Amino acid sequence: REIRFLRHLRGHPNVVSVEDVVVRRSKGSIDVYIVTELMEADLEQIIKSSQALSNEHVRCLIFQLMNGIRHMHHAGIVHRDLKPANCVVDSQCRLKVCDLGLSRHVTDVELVPEGEDAKFTDYVVTRWYRPPELMLSPDGKYTAAVDIWSCGCIFAELLGRTPLFPGKNFVHQLQLIFDVIGTPHPSRTT
């Protein structure tokens, strides 16, 4: 599925390109290696480094991230695991979204259809970048907005050089989120 998505999205400047696919068979198993263009680092490495990031750097990186995600959403693909480690950057400050292993294609990116709950599990997106609706939705429905929440968390992390919501578990994660954005209003929970 990841190879199919990458081939479908190829040519976009903010989504990593597949250069080759190598298949190796050994002892009854098959290993598949996706060869992509060379990128020097990922955002996680950059955030943890002592490298200075100006507001222009952050603006440029977030613009490219949002541009790549817009392209994916336009194609009906939801990434579902955006985090700094899945955003690779080269020495020219060009960012590309990578690791589409948890991505899914939806015919309607606004709402996951009834009966698709098994395919659209709530256990996606690394906890620190997981939106509250993913953790609290009783019916397992969510939209492409899960990627936008993750982009916002990455943006905050670029600015502050530390994760915005570094939850230790599910409950702690929600507590950190609600401490910043507040709790849902009862009239908006239906």
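Starting afresh in each chain, residues are numbered from 1 along the sequence in its written order. Per-residue local features are limited, in this predicted model, to residues with pLDDT of at least 70; the limit for side-chain atom pairs, both in listing and counting, is 80 or more; totals at the level of whole chains, interfaces and linings are taken over all residues. The side-chain quantities take in all heavy atoms of the structure and omit both hydrogens and water.

Peer 1: Teacher, can you tell me more about the overall build of the protein chain here?
Peer 2: Helix and strand definitions follow DSSP, with helices as H or I runs of at least four residues and strands as E runs of at least two, each counted in order from the N terminus. A count of helices and strands for the protein chain gives six helices and seven strands. Split into buried and exposed, the 190 residues of the protein chain put 39% on the buried side. For the protein chain, restricting intrachain contacts to residue pairs at least 6 apart in sequence, the fraction spanning at least 24 positions comes to 65%. Method for areas: the Shrake-Rupley scheme with a 1.4 Å probe, in which residue coverage is limited to the protein chains shown. Here the protein chain has roughly 10,900 Å² of accessible surface; of this, 54% comes from carbon and sulfur atoms. Exposure is judged per residue with a 1.4 Å probe applied to protein chains only, and the accessible area is read against the type maximum: over 50% gives exposed, under 20% gives buried, and values in between give partly exposed. When checking whether two residues touch, look at their non-hydrogen atoms; a contact exists if any pair is within 4.5 Å.

Peer 1: Explain the pairing of strand S2 (residues 29-36) here, please?
Peer 2: Working note: regular strand, side chains alternate between the two faces of the sheet. DSSP calls a pair of strands paired once it identifies at least 2 bridges connecting them. Strand direction decides the pairing type here: strand S1 (residues 18-26) and S2, joined by eight bridges, are antiparallel. Bridge assignment links Val23 to a residue of S2, and that residue is Val32.

Peer 1: What is the right way to look at the environment of Ile62 in this model?
Peer 2: As for its placement among the helices and strands, Ile62 is situated in helix H3 (residues 55-74). On the accessibility criterion, Ile62 (15% relative accessible area) is buried. Counting along the chain gives 90 residues from Ile62 to Gly152, while the straight-line C-alpha distance between them is 8.9 Å. Setting aside residues up to four positions removed in sequence, Ile62 forms contacts with Cys151, Ile154, Phe155 and Leu158.

Peer 1: In this structure, what is going on with the packing of aromatic side chains? I would like to understand it.
Peer 2: Geometry of an aromatic ring pair is reported as the spacing of the ring centres plus the angle between the planes. Note on aromatic pairs: the rings of Phe, Tyr and Trp (six-membered ring only in Trp) are paired at centre separations within 6.5 Å, and the planes decide the class, stacked below 30 degrees, edge-to-face beyond 60, tilted for the rest. As enumerated under the stated definition, the model contains one aromatic pair in all. The interplanar angle of 15 degrees and the centroid separation of 5.9 Å between the aromatic rings of Trp149 and Phe165 together place this pair among those described as stacked. Of this pair, Trp149 sits in helix H5 (residues 145-160) while Phe165 sits in the loop between H5 and helix H6 (170-181); the two residues are 16 residues apart in sequence, bridging distant segments of the chain. By relative accessible area, Phe165 is classed as buried at 3%.

Treat this as a map of the structure, not an account of what it does.
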